[in-house]
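So the chains spell out like this:
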Amino acid sequence: MDYKNAGVDIEAGYQSVELMKKYVKETMRPEVLGGIGGFSGAFSMEAIKNMEKPTLVSGTDGVGTKIKLAFLMDKHDTVGIDCVAMCVNDIACAGGEPLFFLDYIACGKNEPTKIATIVKGVAEGCKQCGAALIGGETAEHPGLMPEDEYDLAGFAVGVVDEKDLITGADLKAGDVLIGIASSGVHSNGFSLIRKVFDMTRESLDTYYDELGKTLGEALIEPTIIYVKALKSIKDNGIRIKACSHITGGGFYENVPRMLHDGVHAVIKKDSYEVPAIFKLLQEKGGIEEHMMYNTYNMGIGMIVAVDSADADRTMEAVRAAGETCYVVGEIKDGDQGVTIC
């Protein structure tokens, strides 16, 4: 008896590391110290010492049950982008610049090519936000997970000067809410999606005219990473007063998180066109509108609050970063919360 016969293939692990190295190298920053494959990742803080009060911000998350879609479609090169996005978008919400990222892959059986493809997606997400992929772990769990399945999670660290932290503390009535478009459902609400649609290859390969693509292609579209858009706003000298990443819990859970007592967010449903995937989901599932806004991003992945005088420049900055945006509402005096009307 040996470890391989017990279900853990050490040689496959070595092969996975070799295959993924080329993707990891593409994410390197000058601050990264040491090579790939050590027991820990080292990152120099030399570059941030000129900040008045450098403050570390962190985020950790996974892809959730969207991973089941990757299994069904046998498409594993985009879920890594989702994983990075779910972590670094939260860091960006605080005004932080992502510095480095680590991933964790748990699998029933280590298939080196598949693992390397997953990491390729993680590396792509890191490149999109400027973070270095400085470490990770692939854990083989025979008997605990089916051989053809895996789970993916990650952890990111960023930095911001304390004076630039986005806290929402100075929000006031009259401030404008600008929504930055999502690419679709992102990485939330897939447990409900899997109840609405038949999760078969035939169903996922079905083409919908209103989507302009197959159902599977629409659902697996990776989460947008908003780091560059928020940096573009900052680089144009605009103060983001508050920021909300619209993830699980939709508008009703996430928007209030950026508000302080005494201010209320009002969001206009007709301020932008809700993407077809959400309309199809609501229709097929018979889902009430409130539940849709309480579960999904409904086409808006990030909301920033700025002074009304900065609204036009903010939108220009977002568009310059390649993203689509809309004025979706405003801040009013009132109880902490959100009204969607």
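Thresholds applied
- Residues numbered from 1 in each chain as written.
- Predicted model: local features only at pLDDT ≥ 70, side-chain atom pairs only at ≥ 80, totals over all residues.
- Heavy atoms only, no water.
- Salt bridge = Lys/Arg side-chain N within 4 Å of Asp/Glu carboxyl O.
- Phe/Tyr/Trp six-rings, centres within 6.5 Å; stacked < 30°, edge-to-face > 60°.
- Helix = DSSP H or I, 4+ residues; strand = E, 2+ residues; numbered from the N terminus.
- Buried < 20%, exposed > 50% of the residue type's maximum accessible area, 1.4 Å probe, protein only.
- Polar contact = N/O pair within 3.5 Å; in protein donor to acceptor, adjacent residues only side chain to side chain.
- Contact = heavy atoms within 4.5 Å.
- Core = buried A, V, L, I, M, F, W, Y, C linked by side-chain atoms within 4.5 Å.
- Pairing = 2+ DSSP bridges.
- Axes fitted to C-alpha atoms, helices over the stretch in contact; angles between N-to-C directions.
- Expected span 1.5 Å × (residues − 1).
- Disulfide = S-S within 2.5 Å.
- 1 Å grid on protein atoms, 1.4 Å probe; cavity = no way out; pocket = protein on both sides within 12 Å on 5 of 7 lines; lining within 4 Å.
- Points joined across faces, edges and corners; volume = space filled by probe spheres on them.
- Nonpolar A, V, L, I, M, F, W, Y, C, P; charged D, E, K, R; others polar.

A. Quick look at the pattern of salt bridges. The full count for this structure, using the stated rule, is 24 salt bridges. In this structure, Asp 164 engages Lys 163 in a salt bridge whose closest nitrogen and oxygen atoms are separated by 3.9 Å.

B. Structural context of the packing of aromatic side chains. In this structure the tally under the stated criterion is five aromatic pairs. For the pair Phe 71 and Tyr 150, a centre-to-centre distance of 5.0 Å together with 75 degrees between the ring planes defines the contact as edge-to-face. One end of the pair, Phe 71, is in helix α2 (residues 67–73); the other, Tyr 150, is in strand β6 (residues 150–161), and 79 residues separate them in sequence.

C. Representation of unusual backbone geometry. Residues other than glycine seldom take positive phi values, yet Asp 74 does so here, at roughly 50 degrees. One can find Asp 74 in the loop between α2 and α3 (79–93). Taking the relative accessible area as the measure of exposure, Asp 74 reaches 56% and is therefore exposed. Phi is positive for His 186, close to 60 degrees, though the residue is something other than glycine. By the element assignment, His 186 lies in the loop between β7 (176–181) and α5 (190–196).

D. View of the side chain of Thr 27. As for its position among the elements, Thr 27 is in the loop between α1 (10–25) and β1 (32–33). At 2.8 Å, the side chain of Thr 27 forms a polar contact with the backbone oxygen of Val 24. Excluding residues within four positions of it along the chain, Thr 27 makes contact with Ala 123, Cys 126, Lys 127, Ala 131, Ala 132 and Leu 133.

E. Structural context of the environment of Ile 303. Examined against the element boundaries, Ile 303 turns out to sit in strand β12 (residues 300–306). On a C-alpha basis, the gap between Ile 303 and Cys 243 in space is 5.7 Å, while along the polypeptide they are 60 residues apart.

F. The nonpolar core, seen in detail. The biggest cluster of nonpolar side chains holds 55 residues, and the ones touching the most others in it are Phe 101, Tyr 150, Leu 152 and Leu 230. It is α3 that provides the largest number of residues to this core, a total of 10 residues. Within the second largest apolar cluster, 43 residues are counted, among which are Leu 69, Leu 211, Ile 277 and Ile 331.

G. Structural context of the sheet that holds strand β5 (residues 132–140). Taken in spatial order, the four strands line up as β3-β6-β4-β5 in an open sheet, and their pairing is mixed. Two strands close off the open sheet at either side, each with one partner strand: β3 (54–62) and β5. Sheet twist, expressed as the mean angle between neighbouring strand axes with direction ignored, is 15 degrees. Bridge count between β3 and β6: nine bridges; the pairing is antiparallel. Note that in β6 the partner of Asp 61 across the bridge is Gly 154. Lying over the sheet, helix α4 (residues 112–129) contacts β4 (97–107), β5 and β6, oriented at roughly 165 degrees with respect to β4.

H. Representation of α4 within the structure. Its 18 residues place the ends of α4 26 Å apart at the C-alpha level, agreeing with the 26 Å of an ideal helix rising 1.5 Å per residue. Note on α4: the residue one or two positions beyond its end, Gly 130, has a positive phi of about 85 degrees.

I. Seen up close, the state of the cysteines. All told, the structure shown has zero disulfides when counted by the stated rule. The cysteine Cys 107 is free of any disulfide, with Cys 83 supplying the nearest cysteine sulfur at 15 Å. In this model Cys 243 remains outside any disulfide bridge; the closest cysteine sulfur is found in Cys 93, 3.5 Å from its own.

J. Layout of empty space enclosed by the protein. One pass over the structure, following the stated rule, counts one cavity of 30 Å³ or more. The computed volume of the largest cavity comes to approximately 40 Å³. Cys 107, Lys 109, Glu 111, Lys 114, Ile 115, Ile 118, Glu 147, Asp 148, Glu 149 and Tyr 150 are the residues that line the largest cavity. Among the elements that take part in the lining of the largest cavity, α4 stands out by supplying three residues, more than any other. Of the residues assigned to the lining of the largest cavity, the class counts are four nonpolar, no polar and six charged.

K. Quick look at the sheet that holds strand β13 (residues 325–333). In spatial order, the strands read β10-β12-β7-β13-β11-β14; together these six strands make up an open sheet with mixed pairing. This sheet does not close on itself; its edge strands, each paired only once, are β10 (242–245) and β14 (337–340). Strand after strand, the sheet turns through a mean of 25 degrees between neighbouring axes, direction not considered.

L. Structural view of the layout of surface pockets. The calculated volume of the second largest pocket comes to roughly 450 Å³. If you trace the second largest pocket, you find 22 residues lining it, with Gly 95, Gly 96, Glu 97, Lys 231 and Lys 234 closest to the centre. Take the lining of the second largest pocket: its biggest share by element is six residues, from helix α8 (residues 227–235). Split into classes, the residues belonging to the lining of the second largest pocket amount to 10 nonpolar, three polar and nine charged.

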